[in-house]
Every structure is written in structure tokens, then in C-alpha cells.
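# A structural walkthrough
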Amino acid sequence: MSEDLDLSTAPRLAARVLDLARCGADVVVDTSAVGFVDCAGLAALERCTSEGRGAVRVEPSGAAVERLRALVRSTRSAA
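Residues numbered from 1 in each chain as written. Predicted model: local features only at pLDDT ≥ 70, side-chain atom pairs only at ≥ 80, totals over all residues. Heavy atoms only, no water.

## Points about the overall build of the protein
Helices and strands together make up the secondary structure of the protein, namely 3 helices and 4 strands. Counting helices and strands in the order they occur from the N terminus, the protein gives β-α-β-β-α-β-α. Taken over C-alpha atoms, the radius of gyration comes to 12 Å for the protein, in line with the 12 Å a tight globule of 79 residues would show. Taking the principal axes of the C-alpha coordinates as reference, the protein spans close to 40 × 30 × 20 Å. Going through the 79 residues of the protein one by one, you find that 35% of them count as buried. (Helix = DSSP H or I, 4+ residues; strand = E, 2+ residues; numbered from the N terminus. Rg over C-alpha atoms; globule rule 2.2 N^0.38 Å. Buried < 20%, exposed > 50% of the residue type's maximum accessible area, 1.4 Å probe, protein only.)

Structural data, given as C-alpha cells:
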């Protein structure tokens, strides 16, 4: 079953992951079952990895996440 990581689900994910990281847990976010991700979802993942200060990793990164990351990278390099 694929899940969405979007405007409606991203805030809950970020809050939970960052709560765990702040408690000292090493958190691995598995996005392999994510079927759709929007910019809010990608921003939440980026926020978790930056604010988690090394305690948060996104592995394995699912196809939907990688497609959006590639699109964002290509857009940034074209600017």
C-alpha cells in the first residue's frame, strides 16, 4: 500500500520525527512506500534531517521522493 507525504501529513511526520530526535533517538525514515510526495512533504524531510542534527536519515529513499528531489535539483541548477 502506498502512502502520501503531502501538505496534510507532513506536519505530523516532522513533529513525530523531531520529537524522537530531540529525545536522543536515531531515526531512520523509510519512504519506500510513499507513492506521492509534494513540496510540503519534501520540505518536512529536509527539515527533519537538518534539525535532527545527524540523528535523522532518510533511507531508503522511495521513488516518489527521489523524483521530486531530482526535479528540485534540476530547477535550482537551471536558475
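## Focus on the nonpolar core
Membership of the largest hydrophobic core comes to 20 residues, with the highest contact counts inside it found for Leu5, Val17, Val29, Val37, Leu45, Cys48 and Val56. Secondary-structure elements contributing two or more residues to this core are helix H1 (10-22), strand S2 (27-29), strand S3 (34-37), helix H2 (39-51), strand S4 (56-58) and helix H3 (63-78). For this core, the leading source of residues is H1, giving 5 residues. (Core = buried A, V, L, I, M, F, W, Y, C linked by side-chain atoms within 4.5 Å.)

## Quick look at the layout of surface pockets
In this structure, the largest pocket spans a volume of roughly 150 Å³. If you go around the largest pocket, the residues you meet are Glu3, Asp4, Leu5, Thr9, Leu13, Val29, Asp30, Thr31, Ala33 and Val34. Considering each element in turn, the lining of the largest pocket owes the most residues, 3 residues, to strand S1 (residues 3-5). Across the lining of the largest pocket, the residue classes break down as 5 nonpolar, 2 polar and 3 charged. (1 Å grid on protein atoms, 1.4 Å probe; cavity = no way out; pocket = protein on both sides within 12 Å on 5 of 7 lines; lining within 4 Å. Points joined across faces, edges and corners; volume = space filled by probe spheres on them. Nonpolar A, V, L, I, M, F, W, Y, C, P; charged D, E, K, R; others polar.)

## Overview of H2
In an α-helix, one full turn covers 3.6 residues, which means residues spaced three or four apart are oriented alike. Between its first and last C-alpha atoms H2 spans 18 Å; for 13 residues at 1.5 Å apiece the expected length is 18 Å, and the two agree. Sitting at the head of H2, Asp38 places a side-chain oxygen 3.1 Å from the backbone nitrogen of Ala40. Of the residues flanking the end of H2, it is Arg53, one or two places downstream, whose phi is positive at about 50°. (Expected span 1.5 Å × (residues − 1). Polar contact = N/O pair within 3.5 Å; in protein donor to acceptor, adjacent residues only side chain to side chain.)

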